[in-house]
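Here's the letter readout for the chains.
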Amino acid sequence: MATFLSSKTAAAAIARSAIHHRLRPLSFVGSRLRVPSLLPSSPQVSSLHVGFSQQGGLKSIMATRAMSSSVSAASDPAQLKSAKEDIKELLKTKFCHPILVRLGWHDAGTYDKTIQEWPQRGGANGSLRFEIELKHGANAGLVNALKLLQSIKDKYTGITYADLFQLASATAIEEAGGPKIPMKYGRVDVTTPEQCPPEGRLPAAGPPSPADHLREVFYRMGLNDKEIVALSGAHTLGRSRPERSGWGKPETKYTKDGPGAPGGQSWTVQWLKFDNSYFKDIKERRDADLLVLPTDAVLFEDPSFKVYAEKYAEDQDAFFKDYAEAHAKLSNLGAKFEPPEGISLD
């Protein structure tokens, strides 16, 4: 959970900082890789040295920073288009649709509509690339999404992280069979870890009062009940892994053989296909191997949520229409655009 003019050419110099990490055992077992982290700002920016354990967790970080008054430039439209094609190829080989959707959502979902100042208000500003925000409990495992996208970021230095995260998220939905998302680009990046939002702005899976919790979190972002339910439908993709979220089974008959890394528990049988199965499966609850979190079940229990959940279970076209609008709105939350009207790739 419009057409815009072309952007100014990206003009900020690019600074490199080296990230040393060890990937999860599934891929590149025992290898040690050097991955440059490109911050689209002036040469006087933070440089980070991050160590990763074999389990994908952050092991250590040392940061040195210099003051800078410059503002990151907008992304280059031609590079955005090329990067989208590279993301499509990545999806074909890594089956990483769900985690890329989650990456975009979690960068944007920290937005607080009661705060006017950027970047204090949170939102889609690329802050999730910093270790301090990656360590937030709700972001467990998202370091793996950054690893997947790093080579694309290295190749297209004229794209901000904020745009890359949202481009990857929308492309993953579309490539999984979902609706075309009416996206715009040109988001400006934050430049230092101090600009990251505080922890606690993202939704939890099992709060004491699921309906109240969902409303508290999403109303803070400026979203309504229809958008909450529509965005929840993105759980038609992906799996919950107990080692990351504390929810789900270690594996099921639908996940034990992958594709991608095996294991976890999915909400739907075809968990790499974007459709309205999520609403149908939650409503019927016929399969113990399919996950239903408290925040999923409440969609058919709360009177206001239920109106939309029932509708989407019966009408996939209605779900796709409302989902596309809600996803686009979420992806813009808190963002500062250059140019202000944004960039369209269509």
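Keep in mind the model is a prediction, meaning the values are calculated, not measured.

Each value, and the rule that gives it
Residues numbered from 1 in each chain as written. Predicted model: local features only at pLDDT ≥ 70, side-chain atom pairs only at ≥ 80, totals over all residues. Heavy atoms only, no water. pLDDT = per-residue confidence, 0-100. Contact = heavy atoms within 4.5 Å. Helix = DSSP H or I, 4+ residues; strand = E, 2+ residues; numbered from the N terminus. Expected span 1.5 Å × (residues − 1). Bend = angle between axes of the 7 residues up to and from the residue. Buried < 20%, exposed > 50% of the residue type's maximum accessible area, 1.4 Å probe, protein only. Phe/Tyr/Trp six-rings, centres within 6.5 Å; stacked < 30°, edge-to-face > 60°. Lys, Arg positive; Asp, Glu negative; His and termini not counted. Salt bridge = Lys/Arg side-chain N within 4 Å of Asp/Glu carboxyl O. Polar contact = N/O pair within 3.5 Å; in protein donor to acceptor, adjacent residues only side chain to side chain.

Caption draft 1: Seen up close, the confidence of the model for the protein chain. Residues of the protein chain with pLDDT of at least 70 account for 79%, and the chain-wide mean is 83. When the criterion is pLDDT under 50, residues 1–73 qualifies, and its contacts beyond four places in sequence or with other chains add up to 189 contacts.

Caption draft 2: Local environment of helix α4 (residues 143–155). If you check α4, its first and last C-alpha atoms are 19 Å apart, about what 13 residues at 1.5 Å a residue would give, namely 18 Å. The sharpest bend along α4 reaches about 40° and sits at L149. Taken together, the buried positions of α4 are V143, N144, A145, L146, K147, L149, Q150, I152 and K153.

Caption draft 3: Up close: the packing of aromatic side chains. Scanning all chains against the criterion turns up 10 aromatic pairs. Ring centres of F274 and Y323 lie 4.9 Å apart, and the angle between their planes is 55°; on these two criteria the pair is classed as tilted. Here the residue F274 occupies a position in the loop between β6 (265–266) and α9 (277–284), and Y323 occupies one in helix α12 (residues 316–332), the gap between them amounting to 49 residues. By relative accessible area, F274 is classed as buried at 2%. In this structure Y323 comes out as buried when scored by relative accessible area, which is 0%. With centroids separated by 5.0 Å and ring planes inclined at 80°, the aromatic side chains of Y278 and F279 adopt a geometry described as edge-to-face.

Caption draft 4: Geometry of unusual backbone geometry. A cis amide bond links W118 to the next residue, P119, at an omega of 5°. Relative to the helices and strands, P119 is located in the loop between α2 (97–108) and α3 (131–134). For F95, which is not a glycine, the phi torsion comes out positive at approximately 50°. On the basis of relative accessibility, which here comes to 33%, the residue F95 falls in the partly exposed class. Positioned with a positive phi, R285 is a non-glycine residue whose angle comes to about 50°. The residue R285 is located in the loop between α9 and α10 (294–297) in this model. R285 gets classed as partly exposed once you look at its relative accessible area, which sits at 48%.

Caption draft 5: Structural context of the side chain of H97. With respect to the helices, strands and loops of the structure, H97 is situated in helix α2. In this structure H97 comes out as buried when scored by relative accessible area, which is 8%. Those residues in contact with H97, other than ones at most four positions away along the chain, are L91, A172, E175, A176 and L272.

Caption draft 6: Quick peek at the side chain of D275. Here D275 shows up in the loop between β6 and α9. For D275, which is buried and forms no salt bridge, the nearest opposite charge comes from K273, at a distance of 4.1 Å. Within the structure, the side chain of D275 is placed 2.8 Å from the side chain of S277, a separation counted as a polar contact. Excluding anything up to four places from it in sequence, D275 contacts T236, Q316, F319 and F320.

Caption draft 7: The arrangement of the environment of E194 in detail. Mapped onto the elements, E194 comes out in the loop between α5 (161–175) and α6 (210–220). Judged by relative accessible area, E194 falls into the exposed class, the value being 51%.

Caption draft 8: A look at helix α7 (residues 225–232). Of all eight residues in α7, seven are buried, a share of seventy percent or more. Residues of α7 that are buried include every one of D225, E227, I228, V229, A230, L231 and S232, and no others. Of the surrounding elements, those touching the buried residues of α7 are α2, α6, α9, α11 (303–314) and α12. The backbone nitrogen of K226 lies 3.2 Å from a side-chain oxygen of the residue at the head of α7, namely N224.

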